[in-house]
Amino acid sequence: MASEEDAELARQAARVFLRLQDSPDSLEAQRARDAFVARGAAEARAYERVATAWTATQKKPPSRGGGAAVVLLLAIGLGLFAGYEPLRLHLLADATTGTTPERLSLASGDIAYLDAATAVSDATSDDVRRVELLSGSAYFDVTHLDRPFVVSSGGLEVEVLGTEFEVMTLAGATIVSVAEGRVEVRADGMSWRLSAGQSLRVPGDARPEVLSIPVETIAVWRQDRWATDGASVADVAAMIDRRLDARVVIPSRALRRSEIAGGFDLSNPLQALRTLAAAQNARVVAALPGVLFLVPNR
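Residues numbered from 1 in each chain as written. Predicted model: local features only at pLDDT ≥ 70, side-chain atom pairs only at ≥ 80, totals over all residues. Heavy atoms only, no water.

Regarding the overall build of the chain
Selection criterion: Helix numbers and strand numbers start at the N terminus; a helix is a DSSP run of H or I with at least 4 residues, a strand a run of E with at least 2. The buried label applies to any residue whose accessible area, calculated with a 1.4 Å probe on protein chains only, is under 20% of its type's maximum; exposed applies above 50%, and partly exposed to all values in between. Any two residues whose heavy atoms approach within 4.5 Å are treated as being in contact. Only the protein chains shown count as cover for residues, with accessible areas throughout obtained via the Shrake-Rupley method and a probe of 1.4 Å.
Of regular secondary structure, the chain possesses eight helices and 17 strands. Taken across its 298 residues, the chain has 45% of its residues classed as buried. In the chain, 49% of the contacts between residues at least 6 apart in sequence involve partners at least 24 apart. Accessible surface for the chain amounts to roughly 14600 Å². Of this, 49% is attributable to carbon and sulfur atoms.

Dropping the structure here:
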């Protein structure tokens, strides 16, 4: 598992590399690269990995100042050494899952179904049953209401009014979907009451949106399936990513935002990723150990 020091070296290497890509004739950028690589063998390896990743996702040199450079920097900094984030969550969580969903009995006696790559903490007390979703997706079956039942995630709170519901973190958004009963959702001074067949998406950078959805599509990851009628490629890739032993990175902003409709078999996540790529005229590139790039065909 990579250390925090490794992750920081990767970020530094990406900055040095992208600075040179933007200004290839700059003596200052060239000296910065030479100085970084000369610092030691670890720095040289980190720089080589960044250069290899860039080469694998580009068939022609990137345009100067292009958005792809920023995307690659984030991909390297956050995706290349993906092992550090699970370690952090493991220290914070009371329960985590690997690459398969699991059933969890909460301290309150209620049942939660956790998707793959999901982490939760359970802070139930005598006064309130409280669960925090740290990452992933969880489906809750709340059968009694002797105390308030509250789920928090990403600055959002969901209070149960007698229900079965899903809370999901996906591509920077928090999504609450109700299969039965009602919940009240609170975030940033606003509140919504949702009933069965309603879903609230609270993105990090856009206005919240309430949608009507078929109840039978909620938390179908419990059966190793996921269906969408217009989700982004980034959303679908994130669901598949949870079941892989590698991190999925999509350098192309346009590809991440493309919408897709269809069903995916999550029991074979690598094939599901290839199906997603083929539907978008893209391909899966294994450029680095533990990292899969989804890149457009040219």
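Quick notes on the pairing of strand β10 (residues 190-195)
To keep things clear, this is the line we draw: When DSSP finds two or more bridges between two strands, those strands count as paired.
Sheet analysis places strand β9 (residues 173-187) next to β10, joined by six bridges and oriented antiparallel. Directly across from A187, in β10, lies its bridge partner M190. Here β9 folds back onto β10, and the loop between the two strands holds two residues, one of which, D188, carries a positive phi near 55°.

A short note on the sheet that holds strand β16 (residues 282-288)
Each strand in a sheet pairs with another by means of backbone hydrogen bonds, the pair being arranged parallel or else antiparallel. Let me state the cut-off plainly: Axes here refer to lines fitted to C-alpha atoms; in helices the fit is confined to the stretch in contact. Angles between the N-to-C directions go from 0 to 180 degrees.
Read across the open sheet, the three strands follow the order β14-β17-β16; overall the sheet is mixed. Every other strand in the sheet has two partners, leaving β14 (247-249) and β16 as the edge strands with one partner each. Direction aside, neighbouring strands of the sheet carry axes that sit 30° apart on average. Relative to β16, helix α8 (residues 269-279) is tilted by about 130°, and along the sheet it contacts β14, β16 and β17 (291-296).

Considerations on the packing of helix α6 (residues 233-241) against α8
Applied cut-off: By definition in this entry, angles of less than 35 degrees are roughly parallel, angles greater than 145 are roughly antiparallel, angles of 65 to 115 are roughly perpendicular, and the rest are oblique. Each helix crossing is assigned a hand: it is left-handed if the near helix lies turned anticlockwise from the far helix by less than a right angle, otherwise right-handed if that turn is clockwise. Side-chain classes follow a simple rule in which Ala, Val, Leu, Ile, Met, Phe, Trp, Tyr, Cys and Pro form the nonpolar group, Asp, Glu, Lys and Arg form the charged group, and the remainder, Gly included, forms the polar group.
Closest axis-to-axis distance for the α6/α8 pair is 9 Å, and the angle between their directions is 170°. Of the possible angle classes, the one that applies to α6 and α8 is roughly antiparallel. Note that α6 runs across α8; the crossing there is left-handed. Seen from α6, the contacting residues are V233, V236, A237 and I240; seen from α8, they are P269, A272, L273 and L276. A breakdown of the residues in the contact of α6 with α8 according to their chemical character gives eight nonpolar, no polar and no charged.

Re the side chain of E166
In plain terms, the rule: Charge counting treats Lys and Arg as positive and Asp and Glu as negative, with His and both chain ends excluded. Every case where a carboxyl oxygen of Asp or Glu lies within 4 Å of a side-chain nitrogen of Lys or Arg is listed as a salt bridge. Whenever two N or O atoms come within 3.5 Å, that pair is a polar contact, provided that in protein one can donate a hydrogen and the other can accept it, and provided that, for residues adjacent in sequence, both atoms are side-chain atoms.
Mapped onto the fold, E166 is located in strand β8 (residues 156-170). No salt bridge is formed by the buried E166; its nearest oppositely charged neighbour, R242, is found at 6.4 Å. Within the local environment of E166, its side chain forms a polar contact with the side chain of W221, the two groups lying 2.6 Å apart.

Comments concerning the packing of aromatic side chains
Note the cut-off: Note on aromatic pairs: the rings of Phe, Tyr and Trp (six-membered ring only in Trp) are paired at centre separations within 6.5 Å, and the planes decide the class, stacked below 30 degrees, edge-to-face beyond 60, tilted for the rest. Put simply, a charge is over a ring when the Lys NZ or the Arg CZ is close to the ring centre, within 6 Å, and near the line of the ring normal, within 35 degrees.
Considering all chains together, one arrives at four aromatic pairs under this definition. When the ring of Y113 is compared with that of Y139, the centres are 6.4 Å apart and the planes differ by 50°; the resulting orientation is tilted. Here Y139 lies in strand β6 (residues 137-141) and Y113 lies in strand β3 (residues 111-114), a separation of 26 residues in the sequence. Here the aromatic residues F140, F149 and F165 are joined through ring pairs into a cluster of three or more. The ring of Y113 has R222 lying over it, and the distance from NZ or CZ to the ring centre is 5.6 Å. Lying over the aromatic face of Y139, R222 brings its terminal NZ or CZ to 4.0 Å of the ring centre.

Focus: the nonpolar core
Rule in force here: Put simply, a nonpolar core is a bunch of buried Ala, Val, Leu, Ile, Met, Phe, Trp, Tyr and Cys residues held in one set by side-chain atoms that sit within 4.5 Å of each other.
Judged by nonpolar contacts, the single largest core of 31 residues is most densely connected at W226, V236, I240, L273, L276 and L294. Going through the elements one at a time, β8, β9, β13 (225-232), α6, β15 (259-265), α8 and β17 are the ones with two or more residues in this core. The dominant element in this core, judged by the number of residues it contributes, is α6, at five residues. In this structure, L276 is in contact with V233, V236, A237, I240, I260, F264 and L294, ignoring residues within four places of it in sequence.

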